[in-house]
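Observations on the three-dimensional arrangement
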Amino acid sequence: MYEWQKQIQMIVDEIDRCIKEHNDEALTLHVLSQRLGYSEFYTTRKFKEISGMKFKDYLRRRKLAFALKEVRDSGKGILEIAFDYGFSSHEAFTRAFRTAYGVTPSQYRKNPVPVILRTKINPFDRYFFGLGEIGMMRSTDDIKIYFVTIPRHKFLHIKNYESNGYWDFWQKQSLIPGQDCETICGLLDSIKGKLDDEGGSESNSGGGQIMAYISDPKGRLCAWGFPRTECYGIRLPFDYKGEIPFQMIMTDVPEAEYLVFEHGPFDYEQENRSLEDRIEKAMADFDFSGTGYCYDTTPGRVLYFYHDPQRFWKYVRPVRKCES
C-alpha cells in the first residue's frame, strides 16, 4: 500500500503542475496511467481508494480552485479564465463554479466571500506513516536568529486545547463538525489578502496558512514549559473587513517584538526530523544575556510556526523587555 500511496502522490503533484502550465494534453487519466504502467481502470480505482474521491472529481475541483483565484486576483475576463482551465464555454464554467461555491464567478469577483476550495491532497507522508528520514541531513545553512518587530495585524484561526502536534491537531479537529482539515484549509485558501501568502497553495500549509501557539492557562503544557493552545490560521491586515467563517476566531494582535529562529529551504523527506531537533535545541540554548529580552509567555501572546520546505522552517516567538 505504501507504494501505491507514493504513486498517487505522483499523480497529485502532476495534476497541479499541469494545471499551472495549462497542459491539458498531459492532464488525462490515460497519460497519467501510462506513466505508472497500469490500466486506467486500476489507476482510477486506486486513486479513489486512497484519496476518497474519483479522479475526475478531484481534477475538476482542483481546476476550479485555481480558476477561482484567477477570478479573485486577476483582471482577466471570465471567458478567458474559463478557457484557460479547460471549460468549453462561459456557461459551462459558470454552472460548475456555482455548483461548487454557491455563487457565479461574476458575483464572487464583486464579493469574494470565504468558500471551501479543494486543497491539494497529500496521500503519502513519511512522517505520517512513522517512517522518518531516508538519509543523512544534507543542509549546510545555519539557523538564523534575529529580533523583529511585527506590526499590528489580525489572526484568523481555529484552536485546540488538547492537541499535541500537527497530525494530532487535525485528528482532533476532524471530530468537530465543520473543522476538519479539508474544510478549514479550503476556507482559508480562498481568503484574499493573507499577509504570508506567496501566491500558492501547493499543500494544505501553503497560501499563507500557518500553525501557531497561543499562551493560554487553559491549554496543555508544551515542550517549552508553558501552557498553550495549538492553532491553525492566517495572518491578515489589521484593517481587514471581510467575512469571518462561523467556525473561526478573529484575534487582534498588537504590534510587538519577536525572536525568530529560521532555517532556509530543506528536503522534507531527508531532513525534517533532524532539522526539528536542531531548531528545538537552538531555542532551548539561546542566551538572552546582554539583549535585555526574555521570552514572553503572557496569556494571549502568539507564537507563529512556519513550515514550508521550499522556503523555510521558522519559529517566531514573542519576547518582552526584561530587567537585567
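One can find the structure itself at the top, above this paragraph.
So, here's what we can say about the structure. (Residues numbered from 1 in each chain as written. Predicted model: local features only at pLDDT ≥ 70, side-chain atom pairs only at ≥ 80, totals over all residues. Heavy atoms only, no water.)

What about the state of the cysteines?
What counts is decided by this rule: For the purposes of this analysis, a disulfide is any pair of cysteine sulfur atoms at a distance within 2.5 Å. Helix and strand definitions follow DSSP, with helices as H or I runs of at least four residues and strands as E runs of at least two, each counted in order from the N terminus. Only protein chains enter the accessibility calculation, which uses a 1.4 Å probe; a residue is then buried when its area is under 20% of its type maximum, exposed when over 50%, and partly exposed in between.
Scanning all chains against the criterion turns up one disulfide. Sulfur-sulfur distance for the disulfide between Cys294 and Cys322 comes to 1.7 Å. Linking Cys294 in strand S7 (residues 293-295) with Cys322 in the segment after strand S9 (312-321), this pair joins segments that are 28 residues apart in sequence. Judged by its relative accessible area of 17%, Cys294 falls in the buried class. Taking the relative accessible area as the measure of exposure, Cys322 reaches 23% and is therefore partly exposed. We note that Cys185 lacks a disulfide partner, and the nearest cysteine sulfur, in Cys181, lies 3.7 Å from it.

Some remarks on empty space enclosed by the protein
Here is the rule we go by: Lining residues are those with an atom within 4 Å of a point, where the points come from a 1 Å grid over the protein atoms alone and group into cavities, where a 1.4 Å probe fits but cannot get out, or pockets, open sets with protein on both sides within 12 Å along at least five of seven lines. Grid points are joined across faces, edges and corners, and a volume is the space filled by probe spheres set on the points. All residues other than Ala, Val, Leu, Ile, Met, Phe, Trp, Tyr, Cys, Pro, Asp, Glu, Lys and Arg, Gly among them, are scored as polar; the first ten of these are nonpolar and the last four charged.
Tallied over the full model, the rule gives one cavity of 30 Å³ or more. Of the volumes computed, that of the largest cavity is approximately 50 Å³. In terms of lining, the largest cavity is formed by Ser215, Phe226, Tyr295, Asp296, Thr297, Arg301, Leu303, Arg317 and Pro318. Counted by class, the lining of the largest cavity contains four nonpolar, two polar and three charged residues.

Overview of the nonpolar core
Most often, soluble globular proteins keep nonpolar side chains buried together rather than apart. For clarity, the threshold we go by: We define the nonpolar core as a collection of buried residues of types Ala, Val, Leu, Ile, Met, Phe, Trp, Tyr and Cys that are connected through side-chain atoms lying within 4.5 Å of one another. Here, two residues are considered to be in contact whenever any of their heavy atoms come within 4.5 Å of each other.
In terms of nonpolar packing, the biggest core is built from 38 residues, with Ile11, Ile15, Phe47, Phe55, Phe93, Phe97 and Tyr101 touching the most fellow members. Elements supplying a minimum of two residues to this core: helix H1 (2-21), helix H2 (29-36), helix H3 (40-51), helix H4 (55-73), helix H5 (78-84) and helix H6 (90-101). Considering each element in turn, this core owes the most residues, nine residues, to H4. Apart from the residues lying within four places of it in its own chain, the contact partners of Phe97 are Leu64, Leu68, Val71, Gly102, Val103, Thr104, Pro105 and Tyr108.

Here we look at the pairing of strand S6 (residues 256-263)
Our working rule: Should DSSP find at least two bridges between two strands, the strands are taken to pair.
With seven of eight residues buried, S6 lies mostly within the body of the structure. As paired elements, strand S1 (residues 144-150) and S6 share seven bridges and run antiparallel to each other. Along S6, the bridge assignment pairs Phe147 with Leu259. Bridge analysis of S6 against S9 gives six bridges, and the strand direction is antiparallel.

Quick notes on the pattern of salt bridges
What counts, and what does not: Put simply, a salt bridge is a Lys or Arg side-chain nitrogen that is within 4 Å of an Asp or Glu carboxyl oxygen.
Within this structure, the stated rule accounts for 23 salt bridges. Ionic pairing is found between Glu21 and Arg17, a salt bridge with its closest N-O pair at 2.7 Å. One end of the pair is Glu21 and the other is Arg17, both in helix H1 and four residues apart, which spans about a single turn. Overall, the relative accessible area of 47% leaves Glu21 in the partly exposed class. Taking the relative accessible area as the measure of exposure, Arg17 reaches 34% and is therefore partly exposed.

Topic: the pairing of strand S3 (residues 209-221)
Across nine bridges, the pairing between S3 and strand S4 (residues 227-237) is antiparallel. The partner of Leu221 across the bridge, within S4, is Pro227. The turn linking S3 back onto S4 is made up of five residues, and Gly225 within it adopts a positive phi angle of 95 degrees. Sheet topology places S3 next to strand S8 (residues 302-308); four bridges connect them, and they run antiparallel. Bridge pairing in S8 links Met211 to Phe305.

Re the packing of aromatic side chains
To be explicit about the condition: Aromatic pairs are defined between Phe, Tyr and Trp rings, using the six-membered ring for Trp, whenever the two ring centres lie within 6.5 Å; interplanar angles under 30 degrees are classed as stacked, those over 60 as edge-to-face, and all others as tilted. A positively charged side chain is recorded as over a ring if its NZ (Lys) or CZ (Arg) lies within 6 Å of the ring centre. The angle to the ring normal must also be within 35 degrees.
Within this structure, the stated rule accounts for 20 aromatic pairs. Ring centres 6.5 Å apart and planes at 65 degrees place the aromatic pair Phe147 and Phe286 in the edge-to-face group. Of this pair, Phe147 sits in strand S1 while Phe286 sits in the loop between helix H10 (268-285) and S7; the two residues are 139 residues apart in sequence, bridging distant segments of the chain. A relative accessible area of 34% means that Phe147 is categorised as partly exposed. Residue class for Phe286 comes out partly exposed when judged on its relative accessible area of 21%. For the ring pair Phe266 and Trp313, a centre distance of 5.8 Å and an interplane angle of 55 degrees mean the geometry is tilted. One end of the pair, Phe266, is in the loop between S6 and H10; the other, Trp313, is in strand S9, and 47 residues separate them in sequence. With a relative accessible area of 2%, Trp313 lands in the buried category. A connected cluster of aromatic rings, assembled from ring pairs, spans Phe147, Phe261, Phe286, Phe288, Tyr293 and Tyr295. The aromatic ring of Tyr258 is capped on one face by Arg301, whose charged end is 5.2 Å from the ring centroid. Residue placement shows Arg317 over the ring face of Tyr295; its charged tip is 3.8 Å from the ring centre.

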